[in-house]
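Geometric and topological summary
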Amino acid sequence: MKSIDGLKFAEMVKLGSHHLYQNADYVDSLNVFPVPDGDTGTNMNLSMTSGAKEINEHAEVHIGRTAQALSKGLLMGARGNSGVILSQLFRGFGKAIENESTVDGITFAAALKYGVETAYKAVMKPVEGTILTVAKDASNVAVEIAATTDDFITLMEAIVEEAKASLERTPDLLAVLKEVGVVDSGGQGLVYVYEGFLACLKGEALPEKRDVESLDDLINAEHRRSIQGFMNTEDIIYGYCTEFIVKFESEKTAVHSFEESNFRQELSQFGDSLLVISDEDVAKVHIHSEEPGDVLNYSQKYGSLIDIKIENMRQQHIELVGENHSVHSPVKKKVEKHPYAVITVAMGSGIAELLRSVGASAVIEGGQTMNPSTEDIVKAIQEVGAERVLILPNNKNIIMAAEQAAEIIGIEAAVVRTKTVPEGLAAILAFNPEADLLVNAEAMLEAASHVKTGQVTNAVRDTSIDGIEIKKNDFMGISEGKIITSAVSLDEVMKTIVTTIIDEDAEIVTILYGEDVTATEAEAIKSYIEKRFTDVEVELYNGKQPLYPYIISVE
């Protein structure tokens, strides 16, 4: 086999996604911290499944267009840092081959390398010993091997072999991996994807870990759910899903200079669910509009239109839910536009209620165990109907997806890089509706920086970190992201945490107790703090959060 086309690549992606799906739990188990929200495998699996879904619906012989479908699906489905990095790897890959109908080994290897370069640029502070290193090492070997052979299977074998070898080297590059005795979880996920690619090329079956539905069944079910999100056909305000590409023409752009953010803003008047991704040659557009012709006519001022696709979403909805749901001409609902919105992320109904009470416009359910995808964040932004939006991830593993959503949404958006719920609460309290977007973002981040966060959760396995011996099911105390204590007694761990993070400068201590803690137990901790630290004010809230019995904020 000397080359592959889009249909073969689609098969590779489906098998790679399926192999990752089967092994997602194992990838989760490789997370360094033995916390119950170690979810790299889950995030990569959901991200890759989103890409496979798009491939399933839009695969064609032209590999460049098939790769673009994968890129789009991964972009919108990306969850967590690992999922975002995976999406960037294949975004660059797809960009490199977008004009190719088939690719040989040399072109495939070069595209992998360009994908790595794209991913490194997307990460603010790249760390070696991670999925980035595994992808980089594999792509470097791919380029070397492609120059010596024209056999695609030989090339993919070399890629998988080097990816595995690089994965085994990750503990030598990242000390914490060696200390805990694991390889990088994200790198392991990528190896599973590449193993699926190779098995597809060789026509081999991969070992089955458990009985599952076929990937196509899962993909099609997800597609049905997405359309059935509308309870009634009449609820669909913008009835036509419109996708197209603007191929820039110099004589037109000389008159109407193209700038992506301005173009998004211009198109936002025609509908919702707007996405725009552009480069120097084309702009790709997705929008839900009631009058798609207006969108097309407006976009023509920048160039010619190609790959136009318009689907009647009302008809799709009727076909799925049955003919008893008749079509009516929609009565357009007046969506009140707000000058500002603050979007935040949290788990626990009590925490969500608290965030709304201090000014959050919308709270996306997520955080521990389930990071929202780029698409989840985009939808939340679209639903609040604001002209400008500030996004508070409240979790370090959601920051990259939030930044990706801010990049592609068609309004002014900024991410305040909050890493915990207490930081998010402090940031919202610093919000000024009269200030501009960037001034607010800076002020809110500054406010968040003055908050210290403590957390208590259960260990999911035996391990040793920073000299602390941790046993499965013991309680662990985490201060500012670092495990500082572990014990069988929740009360003992909690007291160690509060005495560590409360210092002479502390004024306010806020305790958020979880769904497994009683009000009496929480009150006992509050009394302990008040007696031990007489100068601090202690506030107690029932956060109802899972997995973390206590989250403590110190200001």
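Preceding this paragraph is the structure being described.
Conventions adopted
Residues numbered from 1 in each chain as written. Predicted model: local features only at pLDDT ≥ 70, side-chain atom pairs only at ≥ 80, totals over all residues. Heavy atoms only, no water. Helix = DSSP H or I, 4+ residues; strand = E, 2+ residues; numbered from the N terminus. Buried < 20%, exposed > 50% of the residue type's maximum accessible area, 1.4 Å probe, protein only. Contact = heavy atoms within 4.5 Å. Areas by Shrake-Rupley, 256 points an atom, 1.4 Å probe, with all protein chains shown as cover. Polar contact = N/O pair within 3.5 Å; in protein donor to acceptor, adjacent residues only side chain to side chain. Expected span 1.5 Å × (residues − 1). Arc of directions from axis to C-beta. Phe/Tyr/Trp six-rings, centres within 6.5 Å; stacked < 30°, edge-to-face > 60°. Lys NZ or Arg CZ within 6 Å of the ring centre and 35° of its normal. Pairing = 2+ DSSP bridges. Axes fitted to C-alpha atoms, helices over the stretch in contact; angles between N-to-C directions.

**Some points on the overall build of the protein chain**
- Helix and strand counts for the protein chain come out as 22 helices and 18 strands.
- Counting over 555 residues, the protein chain shows a buried share of 54%.
- Taking the intrachain contacts of the protein chain between residues at least 6 apart in sequence as the baseline, contacts between residues at least 24 apart amount to 72%.
- As displayed, the protein chain has an accessible area near 24,200 Å², and 49% of this comes from carbon and sulfur atoms.

**Remarks on the side chain of Arg79**
- Topologically, Arg79 is positioned in the loop between helix H4 (63-77) and helix H5 (80-96).
- Residue Arg79 is classed as buried on the basis of its relative accessible area of 16%.
- In this structure the side chain of Arg79 is engaged in a polar contact, spanning 3.3 Å, whose partner is the side chain of Asp376.
- Once you skip the residues sitting within four places of it in the chain, Arg79 turns out to touch Asn43, Leu46, Ser47, Val84, Met370, Asn371, Pro372, Ser373 and Asp376.

**A look at helix H21 (residues 490-501)**
- For H21, with 12 residues, the first-to-last C-alpha span of 17 Å sits near the 16 Å given by 1.5 Å per residue.
- Taken together, the buried positions of H21 are occupied by Leu490, Val493, Met494, Ile497, Val498 and Ile501. Buried positions in H21, seen along its axis, are confined to an arc of 130° and lie on one side of it.
- Contacts made by the buried residues of H21 are with strand S11 (452-458), strand S14 (475-479), strand S15 (482-487), strand S16 (508-513), helix H22 (519-532) and strand S18 (550-554).
- Capping the start of H21, Ser489 holds a side-chain oxygen 3.3 Å from the backbone nitrogen of Asp491, two or three residues further along.

**A look at the packing of aromatic side chains**
- The full count for this structure, using the stated rule, is 13 aromatic pairs.
- Considering the side-chain rings of Phe93 and Phe108, the 5.4 Å spacing of their centres and the 75° angle between planes classify their relative orientation as edge-to-face. Here Phe93 is found in helix H5, whereas its partner Phe108 is found in helix H6 (residues 105-122), with 15 residues between them in sequence. In this structure, Phe93 and Phe108 share a single accessibility class: buried.
- Aromatic ring contacts, followed pair by pair, group Phe9, Phe90, Phe93, Phe108, Phe152, Tyr194 and Phe197 into a single cluster.
- Just above the ring of Tyr340 sits the side chain of Arg388; from NZ or CZ to the centre is 4.1 Å.

**Digging into the sheet that holds strand S7 (residues 341-346)**
- Pairing is parallel across the open sheet formed by four strands, whose spatial order is S8-S7-S9-S10. Both edges of this open sheet fall to strand S8 (362-365) and strand S10 (412-415), since each of them pairs with a single strand only. Averaged over all adjacent pairs, the angle separating strand axes in this sheet is 20°, with direction ignored.
- Here four bridges tie strand S9 (residues 388-392) to S10, and the two strands are oriented parallel to one another. What sits directly across from Ile391, in S10, is Val415.
- Here helix H20 (residues 437-449) sits on the sheet and contacts S9 and S10; the angle it forms with S9, its principal contact strand, is near 20°.

**Thoughts on the sheet that holds S16**
- Pairing is mixed across the open sheet formed by six strands, whose spatial order is S15-S14-S11-S18-S16-S17. Whereas interior strands pair on both sides, the edge strands pair on one side only; in this sheet they are S15 and strand S17 (537-542). The average undirected angle you get between the axes of adjacent strands in this sheet is 15°.
- The pairing of S11 with S14 spans five bridges and is classified as antiparallel.

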